[in-house]
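Here are the chains, one letter per residue:
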Amino acid sequence: MSFLAPLYLALGAAVAVPLLIHLMRRRIGARIDFPAARYLLRAEKEHSRTLKIRNLLLMFLRVLTILAIAFAAARPLAEWVGAGHAPTALAIVVDNSLSSSVVVNGHPLLAEFKSMVRDVLSSATSADRMWIVTIDGNVRGGSVALLRDEIERMEAISGAGDPGLALSRAAAVVRASGLGARQIALVTDGQRTEWQNVPPLADAQIVLYVPNGPVAVNRAVTLAEARPSRWTPRGEIAARFQSTDSTTYRITLNGRTFARGTAAPNEEVTVHASPPERGWLAGTVELEPDELAADNSRPFAVWIGPAPGVTVSPGAGQFLKDAIDVLKSSSRVVDGHDIAVVSADELTTLPALIVAPNDPVHLGAANRALERMGIPWRFGLRRSGEASARGPELDGVTSTARYELAAQTGAVADTLASVGQEAWIVAGGHYVLAGSPISPDATNLPVRASFVPWLGGVLTERLVGEPGQVLASEPGKHLPRPRWADGIETADGQRTPIGDALDVPDRTGTYFLTLNARRVGALVVAPPSGESVLDRYSARDLAQRLRVNRVLVAPDAGTWASLSFRAAARRSLIEPALIVALLLLVAETLVIRRRAALRPAA
Amino acid sequence: MESTQALRADLFDPASLAALGRIEIVARWVVDGFMAGLHRSPRKGFSVEFADYRPYQAGDDLRYIDWKIAARSDRWVVRQYEEETNLRATIVLDVSRSMAWTGSPERLTKLQYAERLSAALALLLLRQRDAIGLIRFDDRIRSAVPPRARHGQWRRVIAALEEPGEGRASSAPQALEQAARLISRRGLIVLISDLLMDTTDVERAMRTLRAMGHDVTVLHILDPAERDLPAAGEALFVDPESELAVPASVADVRAAYQNTVVEVIDEWRSVLGAAGVSYEVVSTDAPFGVPLRRAFAVRQQLP
């Protein structure tokens, strides 16, 4: 038995009132002159036993009445004797996260969960209201037949889902049902990485089942990444594996196996490659299948093309020319006219890496060239003084002289580096624009060790090919719409327009992003690496993490099914308590009236 | 018939009637009404008639010397009358503190009721040529008027009734003995009391009176609230005479109390009946005619 408002039990202290009245009744009241007091004394003596019994009876009836009212005010809940259950709002939360696809005893864990849900559905009555809530927060309601179909179709998702969202929605639907008996039945593998943060649900009552068998040993690919994301045409693939011992792996690209090897536990493997394929390609890093197959393969994407030809104008400066010579010597770029590296006043073609002119006299010509080439930025006021620059691969870089980059109407660009609150290096569709000359007089960038890699990245990733990139996400997430793409292409070649946001597909894999039906980037969907860690909470530990009103832990699957309608078995005792109080009052009235009935006829 | 009854003061509400005048006036109205309602008695009337002369002796009352004979014959003779009254009655009235109580301000106290009843009874008997006396008592004899039938006796009775009283305890046995001494001949004794006293003492006194040949009638005065208990909830009930205090819840004990009152009345009826004493319960809300008729009926039964 439990109480929804236990503080009202304090009303029980009011029993002191009839007790005190009973004990002090001989001391209270007015003094009345009454000559026949001797008759009264005699009456009390002769009927004292009857009077005492009746007074005690009245006192007990009044005490019990107060206790019954206090009991009712505390809103008690208790199990009622009898079979069946009252109409119940039951939301069944099924953990169908990726980890639920692990095979245990020859069957996926999710199959056991589905069987348990079917058992619960078979206990439902037509008066019950039922919902199935998957771990990603999707809610399906309806008749038992519909829910049976739903549970048959249910598959493990490719990610961890959102357990907090699922529980919140389950609590919301049962709360909105209007039924008195509300219950959430949760079946989960209790994965520790999945149940880190659960929002409090004060009014929820959960019946919980967590398998208590041994946890399967799991191997997984936790990292698969092409570095850089654009190969010209050389690059490397980085991979890491979760395993308790060394494991063999296979790397595929565009459906072709091009690398195999063995990796030590948690070792990061790097495979260099210069494949003959060109364009946006999909690849995978794979392990031999184990009990959890979903994380034995991890996708990646890469753009592969020839090394771009680069022309350096004299106004760009010696440091840029020397750096590009280094890149040419490593075959990352070649002589050619694919990309121009120029001072802004010399700009005549795109794509181009554009730097501010060394001489302020050329500033006007530079801005005219920018305008002529349709670049929505202009050089503005000159800024002096050393200031730190912020941006990827630009740690420790400072600027001592720069021009303010003034955005023109409709300017859309990525800020690659900033100084203070102002943009310093910006990138657009076919250009990268620096607000300083690349010389030691204006910045220490050309003398930093990171300069050549940064320049290589700008030339081979920003300015070569289409202006797309590789996006990485988890299944079911939502990303901002990339400006450079208008569609998404699935593995079977189907293209879907992108709306206001990019809805990440539920299945893992590589999806190409397209612009005007041409591949311009890739979306790599992979499960969070934490899903591969199968360590789980015990049912009791997880129950403590669920910040809800009440958690009933089912020791086994059968008990979980039987407890799922526990809320209906635990009905309110308010009405019975009030009925008892009423009956006690009636009894008290009868006792009092019986006295009147004893009046003598005389 | 109804109009006749409506004019009869003996059938009025006692409290309303008492508000109209003093004791003697109320008593006259009551007796007049009562007599008007009586059927003519088969007995002859009573009177004081001359019987004989006898020589004057020292100590004789000079009022009874026949001065005409003394003037004619120079002999002093005293007129002797034959006492034709066949009843000498004494009203023994309890004026203890318990009698000065009423359960409602709209009713007479038991003492007020008893005083007016006594006055009416005295007047009634005097009109019947009976001698009537009065003894008032509480814990001692407060006043005593010897039984007489002559003119002015009723005034003396009224004067005695108007004397202050209201002592503490009642002592009926002593008062009854006193009454017996005052009544040298066999007669009627009417005890008017609330009988809040020991049954044994009263019974013993009654048996003594009966042994002396007296006829005794007891009018037990009860306020209606004494039969039913006042509606007072939880209260401390205190006897003003004995200071006996009894805490009680009226609702709890009312039924038992009513049973007890019935038992007490039965006890008095039994005890007094066994002693040959007439016993009547008189409620203070009953018209005076009711107890008057009962007391007069006793007198009519006497030889």
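Residues numbered from 1 in each chain as written. Chains lettered and ligands numbered in written order. Predicted model: local features only at pLDDT ≥ 70, side-chain atom pairs only at ≥ 80, totals over all residues.

Novice: Help me understand the overall build of chain B in this model?
Specialist: Helix and strand counts for chain B stand at 11 helices and 10 strands. Here chain B, with 303 residues, has 44% of them falling under the buried criterion. For chain B, the proportion of contacts with a sequence separation of at least 24, taken over those separated by at least 6, is 76%. (Helix = DSSP H or I, 4+ residues; strand = E, 2+ residues; numbered from the N terminus. Buried ≥ 20, exposed ≤ 12 C-beta atoms within 10 Å, placed from the backbone. Contact = placed C-beta atoms within 7 Å.)

Novice: Any chance you could explain the overall build of chain A here in plain terms?
Specialist: On a plain count of helices and strands, chain A comes out with 13 helices and 36 strands. Split into buried and exposed, the 602 residues of chain A put 42% on the buried side. Intrachain contacts of chain A at a sequence separation of at least 6 include 70% that bridge at least 24 residues.

Novice: I keep staring at the sheet that holds strand β30 (residues 487–489) of chain A and nothing clicks. Help me out?
Specialist: Strand pairing in a sheet is mediated by backbone hydrogen bonds. Such pairs are either parallel or antiparallel. All names here are of chain A. Pairing is mixed across the open sheet formed by 5 strands, whose spatial order is β28-β34-β33-β30-β31. Across the chains shown, the open sheet's two edge strands, defined by having one partner strand only, are β28 (470–473) and β31 (495–497). Strand-to-strand, the axes of this sheet are offset by a mean angle of 30°, without reference to chain direction. Looking at chain direction, β30 and strand β33 (residues 509–515) are connected through 3 bridges and run antiparallel. Looking across to β33, one finds that Glu489 is bridged to Phe512. (Pairing = 2+ DSSP bridges. Axes fitted to C-alpha atoms, helices over the stretch in contact; angles between N-to-C directions.)

Novice: Just checking my understanding: could you explain the packing of helix α4 (residues 109–123) of chain A against helix α5 (residues 144–153) of chain A for this structure?
Specialist: How two helices sit against one another is set out by the angle between their axes and by the gap between those axes. All names here are of chain A. With their axes 10 Å apart at the nearest point, α4 and α5 run at an angle of 175° to one another. The angle between α4 and α5 falls in the class roughly antiparallel. Counted together, Lys114, Val117, Arg118 and Leu121 of α4 and Val144, Leu147, Arg148 and Ile151 of α5 form the full contact between these two elements. Residue composition of the contact of α4 with α5, by class: 5 nonpolar, no polar and 3 charged. (Parallel < 35°, antiparallel > 145°, perpendicular 65-115°, else oblique. Nonpolar A, V, L, I, M, F, W, Y, C, P; charged D, E, K, R; others polar.)

Novice: What am I meant to see in the nonpolar core here?
Specialist: As a rule of thumb, nonpolar side chains are buried together in soluble globular proteins. Core analysis: the largest hydrophobic core is formed by 60 residues, its most contacted members being Val92, Ala120, Ala122, Val157, Val190 and Leu191 of chain B. Considering each element in turn, this core owes the most residues, 12 residues, to helix α5 (residues 110–127) of chain B. In this structure, Val117, Met154, Ile184 and Ala294 of chain A belong to the second largest nonpolar core, which totals 57 residues. (Core = buried A, V, L, I, M, F, W, Y, C linked by C-beta atoms within 7 Å.)

Novice: Looking at this structure, I do not really get the confidence of the model for chain B. What am I missing?
Specialist: The predicted coordinates should not be examined in detail at positions where pLDDT is low. All names here are of chain B. For chain B, the mean per-residue pLDDT works out to 77, and 77% of the residues sit at or above 70. Counted against residues more than four places away or in other chains, residues 1–6, with its pLDDT under 50, gives 1 contact. Per-residue pLDDT stays below 50 along residues 39–48; that stretch engages in 9 contacts with residues further than four places along the chain or on separate chains. Model confidence for the complex is summarised by a pTM of 0.51, with the ipTM given as 0.76. (pLDDT = per-residue confidence, 0-100.)

Novice: How do you make sense of the interface of chain A and chain B when you look at a structure like this?
Specialist: Put simply, an interface is often sized by how much accessible area is lost when its parts join up. The interface of chain A with chain B comprises 29 residues on the first partner and 33 residues on the second. Among the secondary structure elements, those contributing two or more residues to the side of chain A that touches chain B are β2 (30–33), α2 (37–46), α3 (48–73) and α13 (574–597) of chain A. Broken down by element, the residue count for the side of chain A that touches chain B peaks at 9 residues, all from α2 of chain A. Class assignment for the residues of the side of chain A that touches chain B results in 16 nonpolar, 3 polar and 10 charged. Pairing between β2 of chain A and strand β8 (residues 234–238) of chain B: 4 bridges, direction parallel. Paired with Ile32 of chain A across the bridge in β8 of chain B is Phe237 of chain B.

Novice: Where do I start with the environment of Leu585 of chain A in this structure?
Specialist: Residues and elements named next belong to chain A. Tracing the backbone shows Leu585 in helix α13. The exposure class of Leu585 is partly exposed, given the 16 C-beta atoms found within 10 Å. Residues Leu585 and Ile66, 519 residues apart in the sequence, show an inter-C-alpha distance of 9.9 Å.

Novice: Would you explain the pairing of strand β17 (residues 279–287) of chain A in this entry?
Specialist: Within a regular beta strand, the side chains point alternately toward one face of the sheet and then the other, so they alternate between its two faces. Residues and elements named next belong to chain A. Burial runs high along β17: 7 of the 9 residues are buried. Relative to β17, strand β14 (residues 247–253) runs antiparallel, the two sharing 5 bridges. The residue bridging Leu253 from the neighbouring strand is Gly283, located in β17. Two elements, β17 and strand β18 (residues 297–304), share 8 bridges in a ladder whose sense is antiparallel. Note on β18: the bridge partner recorded for Trp280 is Trp303.

Novice: Help me understand the sheet that holds strand β16 (residues 268–273) of chain A in this model?
Specialist: Residue and element names in this part refer to chain A. The 3 strands lie next to each other as β11-β13-β16, forming an open sheet whose pairing is antiparallel. Looking at which strands have only one partner, the edges of the open sheet turn out to be β11 (220–227) and β16. Strand-to-strand twist across the sheet, computed as the mean angle between neighbouring axes with direction ignored, equals 20°. Across 7 bridges, the pairing between β11 and strand β13 (residues 235–242) is antiparallel. Following the sheet pairing, Arg227 is matched in β13 by Glu236.

Novice: Just to check I follow, could you spell out the confidence of the model for chain A for this structure?
Specialist: Residues and elements named next belong to chain A. On average, residues of chain A score 85 in pLDDT, and 94% of them reach the 70 mark or higher. For chain A, per-element mean pLDDT is lowest for helix α12 (residues 566–569), which scores 60, and highest for strand β22 (residues 352–355), which scores 93. This model gives residues 598–602 a pLDDT under 50, and the stretch forms 7 contacts once residues within four places in sequence are excluded.

Novice: Can you walk me through helix α6 (residues 163–175) of chain A in this structure?
Specialist: One full turn of an α-helix is made of 3.6 residues, so residues set three or four places apart face in the same direction. Residues and elements named next belong to chain A. The terminal C-alpha atoms of α6 lie 18 Å apart, and with 13 residues this matches the ideal 18 Å at 1.5 Å per residue to within 8%. Restricting attention to buried positions, one finds in α6 the residues Pro163, Ala166, Leu167, Ala170, Ala171, Val173 and Val174. When α6 is viewed along its axis, its buried side chains cluster within an angular range of 165° and face the same direction. Of the surrounding secondary structure, the elements contacted by the buried residues of α6 are β4 (88–94), β7 (129–134), β8 (139–142), β9 (181–187) and β10 (201–209). (Expected span 1.5 Å × (residues − 1). Arc of directions from axis to C-beta.)

Novice: Looking at this structure, how should I read the pairing of strand β15 (residues 256–263) of chain A?
Specialist: Residues and elements named next belong to chain A. Burial analysis of β15 places just 0 of its 8 residues in the buried class, a small minority of the element. In this sheet, β15 lies alongside β14 in antiparallel orientation, the contact comprising 7 bridges. Among the inter-strand pairings, Thr247 is bridged to a residue of β15, identified as Ala263.

Novice: Help me understand helix α9 (residues 451–462) of chain A in this model?
Specialist: Its 12 residues place the ends of α9 of chain A 15 Å apart at the C-alpha level, agreeing with the 16 Å of an ideal helix rising 1.5 Å per residue. Of the residues making up α9 of chain A, those classed as buried are Phe451, Trp454, Leu455, Val458, Leu459, Thr460 and Arg462 of chain A.

Novice: What should I look at first to understand the packing of helix α8 (residues 199–211) of chain B against helix α10 (residues 250–274) of chain B in this one?
Specialist: Residue and element names in this part refer to chain B. Packing of α8 against α10 leaves a shortest axis separation of 10 Å and a crossing angle of 25°. In terms of axis orientation, α8 runs roughly parallel to α10. Between α8 and α10 lies a crossing whose hand is right-handed. The segment α8 lies against α10, with Thr199, Glu203 and Met206 engaging Glu267, Trp268, Val271 and Leu272. For the contact of α8 with α10, the residue count by class is 4 nonpolar, 1 polar and 2 charged. (Left-handed = near helix turned anticlockwise from the far one by under 90°.)

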